[in-house]
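Commentary on secondary and tertiary structure
Each chain, written out:
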Amino acid sequence: MTDRNKEGAVETVKAPDAGENFKAVLSRFCTGVTVITALDDGAPVGFSCQSFSSLSLDPPAVCFFPARTSTSWPRIRRAGRFCVNILAHDQQDVCRALARSGTDKFAGVDWTPSYNGAPRLAGALAAIDCEFDREVDGGDHTIVIARVTDLVEHSQEPPLLFYRSAFERLER
């Protein structure tokens, strides 16, 4: 990797390692927290996701980045339609429940069907219904691109944030 110094001379820059320093530095980027949900053979499936972003206004599209080790994402992909739930500041327990593996993630989680049938979580700030478009290789994650088919705001509460490996709240 190369870079230019103040005088314009090319310098070699060491590539970042994938260890603790990489995680520590990138944890300084504050993100919102979402839960991606779908119905798989009539059963709710989902996972917590902080790596989510808007992608395009025309056409409306979003993207998110599930780990290749995710067991929920293949089921959501198979469903083809899903809902991105943007969590409110008081939904840490919902985030934790949907982040677990090997349990009934939806036990005690209230939801109703969204426009496309995917679980829309009670108390979420907003819900974005999507249709799967495509995936792109992203190393140990995959980059998912989805077309937005419907969106709705539910609340004006502050969002649930994730910063330096912990939940935070936006102060008004």
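Residues numbered from 1 in each chain as written. Predicted model: local features only at pLDDT ≥ 70, side-chain atom pairs only at ≥ 80, totals over all residues. Heavy atoms only, no water.

Identification of the protein as Flavin reductase family protein from Nocardia albiluteola is taken from an unreviewed UniProt entry. Word for word, the UniProt comment on the protein under Sequence similarities (unreviewed entry) is "Belongs to the non-flavoprotein flavin reductase family." (UniProt positions renumbered as here; feature names shortened; annotations may be inferred.)

Focus: the overall build of the protein
Each helix and strand counted, the protein has three helices and 14 strands in total. Counting every position in the protein, which comprises 172 residues, the buried fraction comes to 35%. Of all intrachain contacts in the protein linking residues separated by at least 6 positions in sequence, the fraction that spans at least 24 positions is 61%. (Helix = DSSP H or I, 4+ residues; strand = E, 2+ residues; numbered from the N terminus. Buried < 20%, exposed > 50% of the residue type's maximum accessible area, 1.4 Å probe, protein only. Contact = heavy atoms within 4.5 Å.)

Examining the pairing of strand β12 (residues 141-153)
As paired strands, strand β7 (residues 60-64) and β12 are joined by four bridges and run antiparallel to one another. Paired with Cys-63 across the strands is Ile-145, a residue of β12. As judged from the twelve bridges shared by strand β11 (residues 126-138) and β12, these two strands associate in the antiparallel manner. From the neighbouring strand, Glu-131 faces β12, where its bridge partner is Arg-147. (Pairing = 2+ DSSP bridges.)

Observations concerning the packing of aromatic side chains
One pass over the full model with this rule turns up six aromatic pairs. Judged by centre distance (5.8 Å) and plane angle (55°), the ring pair of Trp-73 and Phe-132 falls under tilted. Taken as a pair, Trp-73 in helix α2 (residues 72-79) and Phe-132 in strand β11 lie far apart in primary sequence, 59 residues in all. By relative accessible area, which is 2% here, Trp-73 ends up buried. In textbook terms, an aromatic cluster arises when at least three aromatic residues are bridged by ring pairs, as seen for Phe-47, Phe-64, Trp-73, Phe-82 and Phe-132. (Phe/Tyr/Trp six-rings, centres within 6.5 Å; stacked < 30°, edge-to-face > 60°.)

Remarks on α2
When α2 is considered as a whole, its buried residues turn out to be Ser-72, Trp-73 and Ile-76. Looking straight down α2, one finds its buried side chains confined to an arc of 90°; they lie on one side. Residues of α2 that are buried in the fold lie against β4 (34-40), β5 (43-49), β7, β8 (81-86), β11 and β12. One or two positions beyond α2, positive phi appears at Gly-80, with a value near 80°. (Arc of directions from axis to C-beta.)

Quick word on the sheet that holds β8
If you trace the seven strands from one edge of the open sheet to the other, you get β5-β4-β8-β11-β12-β7-β6, paired in antiparallel fashion. The open sheet has two edge strands with one neighbour each: β5 and β6 (52-57). Within the sheet, the average angular offset between the axes of one strand and its neighbour, ignoring direction, is 35°. Note that β4 and β5 share seven bridges and pair antiparallel. Across the sheet, the residue bridging to Asp-40 is Ala-43, located in β5. Running over the sheet, helix α3 (residues 92-99) touches β4 and β5 and is turned about 110° from β5. (Axes fitted to C-alpha atoms, helices over the stretch in contact; angles between N-to-C directions.)

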